[in-house]
Amino acid sequence: MSSSGWILAVCLVVLEGGRHAVWAEEGSGSERNCSAIPPYLPPTAVNTTLRIRDLRASMIPLNISAYIIPATDAHLSEYIAPRDARLAWMSGFTGSAGTAVITQNKAVLWTDSRYWIQAERQIDCNWELERDDTFDVYNTNLAPAGRILKSIPDNLVDKIWTGRPPLPPDNPIRLPDNVIGRTWPMKVEQIRAQISDNPYKPTAVLLSALDETAWLFNLRGNDIPFNPFFYSYTLLSMDEIWLFVHIERITEELKVYLNSSCYHSYCVQLLEYSSVRSYLQSYLQKLNVRVWVGTEYTNQALYELITPEDKLLTTTYSPVLTTKAVKDATEQHILKEAHIRDAVAVMQLLVWLEKKVPEGTETELTAAHFVDQCRSKQKNSRGPSFETISASGANAALAHYSPSNETARKLSVDEMYLVDSGGQYLDGTTDITRTVHWGKPTDFQKEAYTRVLMGNIEISRSVFPAGTRGVNMEMLGRRALWEVGLNYGHGTGHGLGNYFGVHEWPVGFQSNNIPFQEGMFTSIEPGYYKENDFGIRIEDIAVTVPATTKHGNNYLTFETVSLVPYDRKLINTSLLSPEQVHWLNKYYESIRSVVGPELERQALKEEYDWMMKHTAPFLSAGASAVISSVTLLVTMLPSVLLHNLL
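Nothing here was measured: the structure is a model prediction, and the numbers come from that model.

This brings us to the sheet that holds strand β15 (residues 381-384). Taken in spatial order, the 3 strands make up an open sheet running β15-β18-β19, and their pairing is antiparallel. Each having just a single partner strand, β15 and β19 (428-429) make up the two edges of the open sheet. Looking at chain direction, strand β18 (residues 423-425) and β19 are connected through 2 bridges and run antiparallel. Looking at the pairing, Tyr425 lines up with Gly428 of β19.

Here's what the structure looks like:
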């Protein structure tokens, strides 16, 4: 089970021994230096002295020796609402992964390698920074020492947080019928079938992750930035459905849609969001009940209620998450359609940058704003799917950097530029990364880029038995880098939703992801980052589809649905195998045949011409981006004739 809970406190725990702070180098400028006299704090650091003082004071009457503050919310979400950003408010650290512990004499922040530099820029000298994430095992280490992990009914940070953002005012909405392949009663029937078939005989399933309830009822909300979710829990049994929400936000239309005025097995009983703990306790008092929970997204405050042990059934993921991971025919079709329109927006950005960067007027921030504007004009747009990572030069070496007014660099033809962005559309969610250079890249930059591309291609063209785990293929994305002693420090891919979260578990290439089946969408995103110099990432979304093999069946491969060409200037084809060049050329044929008509439909001639130029076929080997004379002729043909030829 995840160690982050609803509200967590550790009683009778003292942080002692084996801890050391990490200090910035003298005169680093952008990072704190707590060893200097007086200590140096950059302008990006937050003064947390009064906040820590007030929290410590509130811990004393409750006999709490250490208070734990996770970076997540009550649903263990990756992306959270501003009102749930307790770790950020308390410490100043805004990274998406981290845990803080405050005692009466120490304040310590744990985070992983993605955020070490960011943390040194944001936290003040009240905090020690631990450069590892081993703190997640604290729960198992408490019992031998006679110490306990305990949830408490009130969140102490909320009590001292002046100006905490209110609950967003927007009501949940239902999806239109044209983007739904399964009605919510059909989905309820699917999950109930899994409850019934489970040999351990659960009587109900508890859904805690926000996307679980949103998926089950074909509803969306606006409570979490970039994520169309609303605060909710669901308890689903074989004959009843309980939905825990802020009832005042459920319109009369939604009440009719959810059959909330009746009491048979397909009627949704609406209960207050805050009553989930008390209602779960009441349900557990019944005889012969067993609640099925997915431990990855069930918080401690609910998990600890399910006693005795014979009333609890656990799996890593709930049946809703594993069912949602496989897209039905409608979901696959509309998600591909969303990626076509999204490709248009990304091409508009790249064309614009090619023209504007040499003028020396654009920054990381203006580029991020421009791609958001391009997406906003596309059909069914619902805004970005995450904060755009628009990074030039040394900033791109920070894998999850996002520009601000204080940090944005001016874009230059002399530096590499990485843009990782995505959109929310009524029919799908997108996520794509492209890395470009507008001047003359170094030989090392070209080699690193090409090897990253080789990793992307090797995963994309792989053929594997259905049921293969992504972790068993992940090294294909790294092999070309490993061969020359390079690597990257983040995951190689994650799942993706239909107007859902941009990181949708449990699909991907990590050890805790589920095996691949037909109809799963995942990102493929190897990279390379040279500290204080440049960063490279090439990210595409792909769907698992049946593969034709000579002797066997039930094999899968990937079909890439992100449709934007790579930077020809950075590709050294002499490093590519013939099979990789063949895959690349077939991919470019797909871009022409699929995105070309959409560019023409939107009357984007400049972007169409750019696309044709950048998808010209590569020769099997030789210098970077060699274009044959035949290709040059083809790019000059009228578009109608070209489509006939293709």
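The discussion continues.
Moving on, we get to helix α9 (residues 276-284). Residues of α9 that are buried include every one of Val276, Leu280, Tyr283 and Leu284, and no others. Around the axis of α9, the buried residues are gathered within 95° of arc, so they sit on the same side. The elements touched by buried residues of α9 are β8 (204-207), β10 (233-237), β11 (241-245), β12 (268-272), β13 (291-294) and α10 (300-303).

This paragraph deals with the nonpolar core. Grouped burial of nonpolar side chains is what soluble globular proteins tend to show. In terms of nonpolar packing, the biggest core is built from 64 residues, with Leu353, Tyr566 and Ile571 touching the most fellow members. Per-element tally for this core: the top contributor is helix α12 (residues 329-356), with 11 residues. Excluding residues that lie within four positions of it along the chain, Tyr566 makes contacts with Arg434, Tyr449, Leu453, Asn456, Ile538, Asp540, Ile571, Trp583, Leu584, Tyr587 and Tyr588. Core analysis: the next-biggest nonpolar cluster, separate from the first, contains 50 residues, Ile195, Val268, Leu284 and Leu312 among them.

Along the chain, Phe226 falls in the loop between β9 (219-220) and β10. Under the relative-accessibility criterion, Phe226 is labelled partly exposed at 32%.

Residues of the protein with pLDDT of at least 70 account for 89%, and the chain-wide mean is 90. This model gives residues 10-28 a pLDDT under 50, and the stretch forms 47 contacts once residues within four places in sequence are excluded. In this model, residues 622-646 is a region of pLDDT below 50 whose contacts with residues beyond four sequence positions or in other chains number 35 contacts.

Before going further, it helps to spend a moment on the pairing of strand β23 (residues 504-508). Among the 5 residues that make up β23, 4 are buried, leaving the element largely enclosed by the rest of the structure. Here 2 bridges tie strand β22 (residues 494-495) to β23, and the two strands are oriented antiparallel to one another. Within the sheet, the bridge partner assigned to Gly495 lies in β23 and is Glu504.

This part is about the pattern of salt bridges. Evaluated as defined, the whole model comprises 32 salt bridges. Residue Glu120 pairs with Arg32 through a salt bridge whose shortest N-O separation is 2.7 Å. Note that Glu120 is positioned in helix α3 (residues 116-122) and Arg32 in the loop between β1 (8-11) and α1 (49-59), a separation of 88 residues in sequence. Relative accessible area serves as the criterion here: at 1%, Glu120 is assigned to the buried category. Between Lys586 and Glu589 there is a salt bridge whose closest N-O contact spans 3.7 Å. Here Lys586 pairs with Glu589, and both are found in helix α16 (residues 578-601), just 3 residues apart, close to one helical turn. Among the ionic contacts, a cluster of salt bridges with common partners joins Asp84, Arg86, Asp158 and Arg164.

What follows covers helix α6 (residues 184-197). Under the 1.5 Å per step criterion, the end-to-end length of α6 is 20 Å for 14 residues, consistent within 8% with the ideal 20 Å. Listed as buried for α6 are Trp184, Lys187, Val188, Ile191, Arg192 and Ile195. Take α6 and look down its axis: the buried residues cluster within an arc of 135°, on one side only.

The rules behind each value
- Residues numbered from 1 in each chain as written.
- Predicted model: local features only at pLDDT ≥ 70, side-chain atom pairs only at ≥ 80, totals over all residues.
- Heavy atoms only, no water.
- Pairing = 2+ DSSP bridges.
- Helix = DSSP H or I, 4+ residues; strand = E, 2+ residues; numbered from the N terminus.
- Buried < 20%, exposed > 50% of the residue type's maximum accessible area, 1.4 Å probe, protein only.
- Arc of directions from axis to C-beta.
- Contact = heavy atoms within 4.5 Å.
- Core = buried A, V, L, I, M, F, W, Y, C linked by side-chain atoms within 4.5 Å.
- pLDDT = per-residue confidence, 0-100.
- Salt bridge = Lys/Arg side-chain N within 4 Å of Asp/Glu carboxyl O.
- Expected span 1.5 Å × (residues − 1).

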